[in-house]
Amino acid sequence: MPGRRWAGALAAAVTASVLSLTGLAGQAQAADINNVKNGGYESGLSNWTCSAGSGTTVSSPVHSGSAALKATPAGQDFAQCSQSVAVKPNSTYTLSAWVQGAYTYIGASGTGTTDVSTWTPNTTWTQLSTTFTTGASTTSVTVWTHGWYGQPAYFADDVSVFGPDGGGGGDPAPTVPATPAGLAVSSTTSSSVSLAWNAVSGATGYNVYQGGSKVQAVTGSSATVSGLTASTAYSFQVSATNSAGESAKSSAVTGTTTASGGGGGGGTVPAHAVTGYWQNFNNGATVQKISAVQSQYDIIAVAFADATSTPGAVSFTLDSAGLGGYTVDQFKADIKAKQAAGKKVIISIGGQNGTISVSDSTSATNFANSVYSLMQTYGFDGVDIDLENGLNATYMSQALRSLSAKAGSSLVITMAPQTIDMQSTSNSYFQTALNIKDILTVVNMQYYNSGSMLGCDGKVYSQGSVDFLTALACIQLQGGLDPSQVGLGLPASTSGAGSGYVSPTIVNNALDCLTKLTNCGSFKPSKAYPALRGAMTWSTNWDASAGNAWSNAVGPHVHSL
């Protein structure tokens, strides 16, 4: 939350890169070949050169085969790995690669005409593709991948430059993959069916069919089909794809959605609610006791729990000294008083510096047990997931379901992903939210400390506008979350975040746009979502520092929706 890692400095470059996307090229001609050598990194880094020793090959994660490139930016080096590729003059080529990692780029330089590049922020395998035309005397080009300054390692696999044979040799063209086997229904909700199947050698993607019609294209061997009707049976098939074509469809399976339950857990949380983070530390904002939190807040998230030496487990220590002598007994009594007034008080896990990792069954069990112990000790009503350093959808979902089994239907579960975490249902945060939809209270995405992002209409929006809030919320609303599970997270003041603060008027206009189709900007949703849950802010302390201007304006508006 405070001082979060953010990509705001990249906003202009990111926007320009997105706007320069040329889209996927058509099918390669019969005489075309892949002119890249060792494009799948099966021979290590042979034929590739990586800046400052930034690259290596790994056996996991890979997109296909047994190896992929891993390159790590450091200091002023953004981990560029390149290869000189032989080409023919006056010819058109399609450059593509499968990549994953924050801000991963591919491009071609020395084309003799217009050099090209494209990028993606996705942290799951994503195919990038662009085309270029060589000049009249161009016989070689440099193709490259790179990450971005200050970002984690990126991965690349199956790099290709398809076009006329440049005479330098290259990797053989792929063959059409085999039909996927083992298709099965892995889970269902009232509005979604999750599928899994066996990976196919040589496949670079999979198409998912519902009732014979294609509904999704994914890169991994699982998918969740959302937007379905409750208590209804659906038929599904999958096929495998690569640049050579598409396999036959698999045998069909039937998935039946569960009975409708609307939004998930949360007991008596108001239909339209305001969430605020309460700081268990002094960073210059107003120091508060829980009792002093403005009454407009329906959910108070105590920030933050701490990691322990036990994998997955968390603890909590009240910062009595930093909070002016606030005692544990006072803290517990204040929580009870808020609950008596109809409020929910939950413990938040993570934050900018949170290092909690839930990556296997043991750590999932430790997480559930330790959070439940904190609930019993302090009286917390639930948990907020605010992990900003990675999340494993499988085991976090397991942990939260285990916690739900212990705490019961009154458990409040909230999430606060960054904008980049909710760009696609294939992202781990989004997948976790869908996995626990039946027990999830609300996802309050952080619409701040963000670079430019894609809206549900495929257009690029910059933070600080009504359109940024509504077009990005639309992704969640169309991606399978119930409207009651979607909230807008904004800073309470300019001091509450590095960037992205908007006035309460803009927040309220966005709420009106999403719930009533009024006060919209240039983007207008295809329909109204009157059950939208509400809004969130970082933090109640920064709000108090600004005279509670945020909650005094946004709170009544949310409660009147």
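Criteria and cut-off values
- Residues numbered from 1 in each chain as written.
- Predicted model: local features only at pLDDT ≥ 70, side-chain atom pairs only at ≥ 80, totals over all residues.
- Heavy atoms only, no water.
- Disulfide = S-S within 2.5 Å.
- Helix = DSSP H or I, 4+ residues; strand = E, 2+ residues; numbered from the N terminus.
- Buried < 20%, exposed > 50% of the residue type's maximum accessible area, 1.4 Å probe, protein only.
- Polar contact = N/O pair within 3.5 Å; in protein donor to acceptor, adjacent residues only side chain to side chain.
- Contact = heavy atoms within 4.5 Å.
- Axes fitted to C-alpha atoms, helices over the stretch in contact; angles between N-to-C directions.
- Parallel < 35°, antiparallel > 145°, perpendicular 65-115°, else oblique.
- Left-handed = near helix turned anticlockwise from the far one by under 90°.
- Nonpolar A, V, L, I, M, F, W, Y, C, P; charged D, E, K, R; others polar.
- pLDDT = per-residue confidence, 0-100.
- Pairing = 2+ DSSP bridges.

(A) View of the state of the cysteines. Following the criterion strictly, the structure yields three disulfides and no others. A disulfide bridge connects cysteine 456 with cysteine 474, and the sulfur atoms are separated by 2.1 Å. Because the torsion about its S-S bond is 90°, the bridge between cysteine 456 and cysteine 474 counts as right-handed. Taken together, the positions of cysteine 456 in the loop between β27 (453–454) and β28 (460–461) and cysteine 474 in helix α6 (residues 466–478) put the pair 18 residues apart, joining distant regions of the chain. Cysteine 456 sits in the partly exposed class, given a relative accessible area of 26%. A disulfide bridge connects cysteine 513 with cysteine 520, and the sulfur atoms are separated by 2.1 Å. Across the S-S bond linking cysteine 513 and cysteine 520, the dihedral sits near 100°, which makes this disulfide right-handed. What makes cysteine 513 buried here is its relative accessible area of 0%. In the protein, the cysteines engaged in disulfides, taken in order along the sequence, are linked 1-2, 3-4, 5-6.

(B) Just the side chain of asparagine 508, in detail. Among the structural elements, asparagine 508 can be located in helix α7 (residues 504–516). Its relative accessible area of 11% is what places asparagine 508 among the buried residues. Of the polar contacts made by the side chain of asparagine 508, one reaches the backbone oxygen of alanine 553; its length is 3.4 Å. In contact with asparagine 508, other than residues within four places in its own chain, are Ala553, Val554 and His557.

(C) Region of the structure containing the packing of α6 against α7. Relative to each other, α6 and α7 sit at 40°, their axes nearing to 9 Å. Of the possible angle classes, the one that applies to α6 and α7 is oblique. The hand of the α6/α7 crossing is right-handed. Facing α6, whose interface residues are Val466, Leu469, Thr470, Ala473 and Leu477, α7 presents Ile506, Val507, Asn509, Ala510, Cys513 and Leu514. Across the contact of α6 with α7, the residue classes break down as nine nonpolar, two polar and no charged.

(D) Geometry of the packing of helix α3 (residues 361–378) against helix α4 (residues 393–407). Taken N-terminus to C-terminus, the directions of α3 and α4 make an angle of 40°; their axes are 8 Å apart at the nearest point. Handedness of the α3/α4 crossing: right-handed. In this structure, α3 uses Ser361, Ala364, Phe367, Ala368, Asn369, Val371, Tyr372 and Met375 to contact α4, whose residues at the interface are Tyr395, Met396, Gln398, Ala399, Leu400, Ser402, Leu403, Lys406 and Ala407. The residue makeup of the contact of α3 with α4, split by class, is twelve nonpolar, four polar and one charged.

(E) Geometry of the confidence of the model for the protein. Averaged over every residue, the pLDDT of the protein is 88; residues scoring 70 or more account for 92%. Ignoring residues within four places in sequence, the model shows residues 2–30, a span with pLDDT below 50, making 56 contacts including any to other chains.

(F) View of the sheet that holds strand β12 (residues 184–188). Within the open sheet, the three strands sit side by side as β12-β13-β16. Their pairing is antiparallel. Edge positions in the sheet fall to β12 and β16 (222–225), since each has one partner strand and no second. Averaged over all neighbouring strand pairs, the angle between strand axes comes to 25°, with direction disregarded. Judged from the four bridges that link them, β12 and strand β13 (residues 193–196) form a sheet pairing that is antiparallel. When the bridges of β13 are listed, threonine 188 appears paired with valine 193.

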